[in-house]
Amino acid sequence: MQDLTRHILELIRLTSTSLPADVEKVLLSAQEKEEDGSAAQNVMLSILKNVTIARETSTPICQDTGTPIFFVRYPVSYSTKKLVSMIRFAIAEATEKLYLRPNAVNSLTGKNSGHNLGDKYFPVIHFEEIEGETLTIDLLLKGGGCENVGRQYSLPDSHLNADRELEGVRKVALDAIFQAQGRGCAPGFLGIAIGGDRGTSYLASKEVFLENLSNHHPDPAIAALEKQITKEANELHIGPMGFGGRSTILDTKITVLHRLPASYFVSISYMCWAFRRHQISIIGEKVEFD
């Protein structure tokens, strides 16, 4: 098994400093929709300028470089133990090179590890064994501000008059957006998981962020709900950074999980405008970045 550390390091650098093309495209579109001279437009222009500078100078897009969340799909020939070792070494090197800010803090003492290596849950690494010979690693850098405004609901919710149906999902999604207001660095993106238990539901709500923004759910009813939530969220006029405007949520992705009859969780993950994700695929000596 070859040493992939330098490739993983480049994946980290790319993810921290360069937004994906589909994300940048929707940010540009959002800026064009804002009223000329408005605070919302000025915020969007500043965001886009920051995106350009970060890419050109290979510096982090945001001072909060987030929790590194890896989704690794590996062939049977790979060792997950060795992959973990390479990922952790790359994380420490990326921190030393300032692609990442030291973020791993002991919850009780407040002591920073200094190299972004905490316990076995930091960085976060999810593994899935697959058929074939291609190793695929997706990296999501999720900032603390947007993580703070994520929410999980247990339906029915009498306070929101939300029942166990898609209309109930719509109600709690809009409530989460309203509660976030400008916190979480709007305009943002929503990942929603319907069902599962508390843990799997939150995991799935983040995994949908790996999808290209042009993709829609194959179920027409779910796809329609994704568009409806995005549309109605923007009608709240919370706007970029909470200054008002037409761009509050730029996209919504929904996934549906099986659940126990007693539970009906709706987990909502919020991603800020600094929607940092990239992928590397490796087969033999061939290495490709998205």
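A brief look at the structure comes next. (Residues numbered from 1 in each chain as written. Predicted model: local features only at pLDDT ≥ 70, side-chain atom pairs only at ≥ 80, totals over all residues. Heavy atoms only, no water.)

**Focus on the sheet that holds strand S2 (residues 124-129)**
Thinking step 1. Pairing is mixed across the open sheet formed by five strands, whose spatial order is S2-S1-S3-S8-S9. Sheet topology places S2 and strand S9 (286-289) at the edges, where each strand pairs with a single neighbour. Ignoring which end each strand starts from, the neighbouring axes of this sheet average 15° apart.
Thinking step 2. Bridge analysis of strand S1 (residues 67-74) against S2 gives six bridges, and the strand direction is parallel. When the sheet's bridge partners are listed, Arg73 is paired in S2 with Glu128.
Thinking step 3. Across the sheet, helix H7 (residues 198-207) lies against S1, S2 and strand S3 (135-142), angled at about 85° from S1, the strand it touches most. (Pairing = 2+ DSSP bridges. Helix = DSSP H or I, 4+ residues; strand = E, 2+ residues; numbered from the N terminus. Axes fitted to C-alpha atoms, helices over the stretch in contact; angles between N-to-C directions. Contact = heavy atoms within 4.5 Å.)

**Notes on the side chain of Arg276**
Thinking step 1. Here Arg276 is to be found in strand S8 (residues 276-283).
Thinking step 2. Buried within the structure, Arg276 lacks any salt-bridge partner; Asp64 is the closest side chain of opposite charge, at an N-O distance of 5.6 Å.
Thinking step 3. Polar side-chain contacts of Arg276 include one of 2.9 Å to the backbone oxygen of Asp64.
Thinking step 4. If we skip the residues at most four places from it in the chain, Arg276 touches Thr15, Ser16, Leu19, Ile61, Cys62, Asp64, Thr65, Gly66, Leu139, Leu140, Leu141 and Gly143. (Buried < 20%, exposed > 50% of the residue type's maximum accessible area, 1.4 Å probe, protein only. Lys, Arg positive; Asp, Glu negative; His and termini not counted. Salt bridge = Lys/Arg side-chain N within 4 Å of Asp/Glu carboxyl O. Polar contact = N/O pair within 3.5 Å; in protein donor to acceptor, adjacent residues only side chain to side chain.)

**Section: helix H1 (residues 5-17)**
Thinking step 1. Between the first and last C-alpha of H1 there are 18 Å, a value that for 13 residues agrees with the 18 Å anticipated at 1.5 Å per step.
Thinking step 2. Within H1, 11 of the 13 residues are buried, which leaves it mostly tucked inside the rest of the structure.
Thinking step 3. Residues of H1 that are buried: Thr5, His7, Ile8, Leu9, Leu11, Ile12, Arg13, Leu14, Thr15, Ser16 and Thr17.
Thinking step 4. Those residues of H1 that are buried lie in contact with helix H3 (39-57), S1, helix H4 (80-96), S3, S8 and S9. (Expected span 1.5 Å × (residues − 1).)

**A few points about the packing of aromatic side chains**
Thinking step 1. Under the criterion given, the structure shown has three aromatic pairs.
Thinking step 2. With centroids separated by 5.5 Å and ring planes inclined at 80°, the aromatic side chains of Phe209 and Phe275 adopt a geometry described as edge-to-face. In this pair, Phe209 sits in the loop between H7 and helix H8 (220-234) while Phe275 sits in the loop between strand S7 (265-271) and S8, placing the two residues 66 residues apart along the sequence. Accessibility assignment for this pair places Phe209 and Phe275 in one class, buried.
Thinking step 3. Note that Arg277 overlies the ring of Phe275, its terminal NZ or CZ placed 4.8 Å from the centroid. (Phe/Tyr/Trp six-rings, centres within 6.5 Å; stacked < 30°, edge-to-face > 60°. Lys NZ or Arg CZ within 6 Å of the ring centre and 35° of its normal.)

**A few points about the layout of surface pockets**
Thinking step 1. Estimates place the volume of the largest pocket at around 480 Å³.
Thinking step 2. Listed by contribution, the elements that provide at least two residues to the lining of the largest pocket are helix H2 (21-33), H8 and strand S6 (249-256).
Thinking step 3. Looking at side-chain class alone, the lining of the largest pocket contains six nonpolar, eight polar and eight charged residues. (1 Å grid on protein atoms, 1.4 Å probe; cavity = no way out; pocket = protein on both sides within 12 Å on 5 of 7 lines; lining within 4 Å. Points joined across faces, edges and corners; volume = space filled by probe spheres on them. Nonpolar A, V, L, I, M, F, W, Y, C, P; charged D, E, K, R; others polar.)

**Focus: the nonpolar core**
A general trend in soluble globular proteins is that nonpolar side chains are found buried together.
Thinking step 1. Counting residues in hydrophobic clusters, the biggest one holds 50 residues, and the most contacted among them are Leu27, Ile192 and Ile268.
Thinking step 2. Contributions of two or more residues to this core are made by H2, H3, S1, helix H6 (166-180), strand S5 (188-194), H8, S6 and S7.
Thinking step 3. Per-element accounting of this core gives the leading share, seven residues, to H6.
Thinking step 4. Not counting chain neighbours up to four residues away, the residues in contact with Ile192 comprise Val169, Ala173, Ser205, Val208, Ile229, Thr252, Lys253, Ile254, Thr255, Val266, Ser267 and Ile268.
Thinking step 5. Residues Leu4, Tyr74, Tyr78 and Leu100 belong to the second largest nonpolar core, which totals 24 residues. (Core = buried A, V, L, I, M, F, W, Y, C linked by side-chain atoms within 4.5 Å.)

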